[in-house]
Amino acid sequence: MVEYKPNQTVYAYHGPLIYEAKILKLKNGKDSFIINQDFQHEPLEEKPNSSGNHHHHHHSQHIAKFDPKKWQDQTCYYLHYQGWNSKWDEWVGIDRIMEYNEENKFKKLELDQLTKKKKAINNNEIIVNATTKNHTNNKNKKESNKRKSSSATTTSGVTAGTNNNKKQKSASTSTTNNTSGNSGTTSNKSKQILSRLNLNFPPELKHILVNDWEYITKDRKLVSLPSQYPINQILQDYKTYRTKQLTSNSDQLSILIEILTGLEIYFNKSLSLILLYKYEHLQYLNFLKQNIINPQQDILQSNIYGVEHLLRLIISFPGLLSTTTMDGISLSVLISELESLCRFIGDRLQLYQNNYEFTSPQYDSLARS
């Protein structure tokens, strides 16, 4: 375990974010003294000030007092957050600080980015509407309205923000390599693409997503995670199942592997940006904080999240792909593979489904703030 000392720079959690901080003092476990920046010992409790020390007392109002009861037998650190006013200096436990290294720098940046995204996301948008809105702007109203109503009926709860459209679109083209260089923006071509993007999503899976939406937004529950059958396991099961059907066709097999690999990569990249409800963001931040998810150590989102979040992505694909430069054959192969995956999941729902659980009052108030 890392040993921290006074004057050392560390990363520290303050609220949901991570900041650079300096250790000014520390108290080790059962010690009956505090070690200051000069490595001198200080008593745990300040002696009451005499009248001669009145000026000093006034000055120390800004200094967070050490609470011996709170930190009894615990190691704790007195931190100054770099660039902050010293009135924010505070005593924290070991759980709040991390080593000052590249891995934790990545975590800090990830959280910064997430928080910006969270502010930018308009949680009332449905992902397909968000993506098709730009696409239909140049069409006549009748066509536009028709598409909006059909996309609204196919998706029942995946939230997203319009700010992420460009990212979604560019990422969606990378799910298979068969993208044509021709961007073909004529309305005829767009109509053709949209007509091919009709994904048959089984009613029982729609039902799962409607319940999912209700549990989280109305009942304020969360999917119980890590899932016993995470997404990478589901995709692995499906790959095994499909490989048996495709044994004689190596081309189809390599396309299958490419699609499933792309789907998992896309899920990991898009989860925090477009697939979470506002109420779930804090859960995701906690997973990062506790190293339950750590992309640098190859502990990915798809190792933790399960079928509910995978279905949110699959049902969003028609909208995400509506402006793709992918050629027609690649699109129909992708859509038919996604439909096959949906049928596979539908047959194994009892195995793959996760429970929902109520959150703590602390989580509830933080997540809704």
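As recorded in UniProt, the chain goes by the name Chromatin modification-related protein EAF3, listed as coming from Candida albicans. Per UniProt, the chain has the following entry under Subcellular location: "Nucleus". The Sequence similarities field of the UniProt record for the chain holds the comment "Belongs to the MRG family."

Draft legend 1. How the structure looks around the packing of aromatic side chains. Applying the stated criterion across every chain yields a total of 18 aromatic pairs. Seen in terms of ring centroids, Tyr19 and Tyr81 are 6.4 Å apart; in terms of plane orientation they differ by 80°. Their pairing is edge-to-face. Of this pair, Tyr19 sits in strand E2 (residues 17–27) while Tyr81 sits in strand E5 (residues 76–81), and the two are 62 residues apart along the sequence. On the accessibility criterion, Tyr19 (23% relative accessible area) is partly exposed. Tyr81 gets classed as buried once you look at its relative accessible area, which sits at 0%. An angle of 35° between the planes, with centres 6.0 Å apart, marks the rings of Tyr238 and Tyr241 as tilted. Taken together, the residues Tyr238 and Tyr241, both in helix H8 (residues 231–245) and three residues apart, mark about one turn of the helix. Through a chain of ring-to-ring contacts, three or more aromatic side chains come together here, namely Tyr229, Tyr238, Tyr241, Phe344 and Tyr352. Here the guanidinium or amino end of Lys289 rests over the ring plane of Tyr13, the centre of that ring lying 4.7 Å away. Here the basic side chain of Arg348 rests over the ring of Tyr241, its NZ or CZ set 5.4 Å away from the ring centre.

Draft legend 2. Geometry of the confidence of the model for the chain. Overall, the prediction assigns the chain a mean pLDDT of 76, with 72% of residues at 70 or greater. The model gives residues 49–61 a pLDDT under 50, and that stretch makes two contacts with residues more than four places away or in other chains. For the stretch residues 121–186, pLDDT sits under 50, and the model shows 125 contacts to residues farther than four places along the chain or on other chains.

Draft legend 3. Quick peek at unusual backbone geometry. Leu225 connects to Pro226 through a cis peptide bond whose omega is -5°. Inspection of the secondary structure puts Pro226 in the loop between strand E10 (221–223) and H8. The phi dihedral of Asp73 is positive, around 60°, even though this residue is not glycine. By relative accessible area, Asp73 is classed as partly exposed at 45%. A positive phi angle is found at Asn291, which is not glycine, with a value near 65°.

Draft legend 4. Up close: the pairing of strand E6 (residues 90–93). The alternating pattern of E6 places Glu90 and Val92 and Trp91 and Gly93 on opposite faces, both of which are buried. Looking at chain direction, E5 and E6 are connected through four bridges and run antiparallel. Looking at E6, one finds that Tyr78 is bridged to Trp91.

Draft legend 5. Molecular detail of the pattern of salt bridges. Tallied over the entire structure, the rule returns eight salt bridges. Residue Glu42 is joined to Lys25 by a salt bridge in which the shortest nitrogen-to-oxygen separation is 3.2 Å. Of the two residues, Glu42 sits in strand E4 (residues 41–43) while Lys25 sits in strand E2, which places them 17 residues apart along the sequence. Note on Lys25: relative accessible area 22%, which makes it partly exposed. Of the charged contacts, one joins Asp73 and Lys30 as a salt bridge, the two residues approaching to 4.0 Å between their closest N and O atoms. One end of the pair, Asp73, is in the loop between helix H1 (54–59) and E5; the other, Lys30, is in the loop between E2 and strand E3 (33–35), and 43 residues separate them in sequence. Its relative accessible area of 69% is what places Lys30 among the exposed residues.

Cut-off values and rules
- Residues numbered from 1 in each chain as written.
- Predicted model: local features only at pLDDT ≥ 70, side-chain atom pairs only at ≥ 80, totals over all residues.
- Heavy atoms only, no water.
- UniProt positions renumbered as here; feature names shortened; annotations may be inferred.
- Phe/Tyr/Trp six-rings, centres within 6.5 Å; stacked < 30°, edge-to-face > 60°.
- Helix = DSSP H or I, 4+ residues; strand = E, 2+ residues; numbered from the N terminus.
- Buried < 20%, exposed > 50% of the residue type's maximum accessible area, 1.4 Å probe, protein only.
- Lys NZ or Arg CZ within 6 Å of the ring centre and 35° of its normal.
- pLDDT = per-residue confidence, 0-100.
- Contact = heavy atoms within 4.5 Å.
- Pairing = 2+ DSSP bridges.
- Salt bridge = Lys/Arg side-chain N within 4 Å of Asp/Glu carboxyl O.

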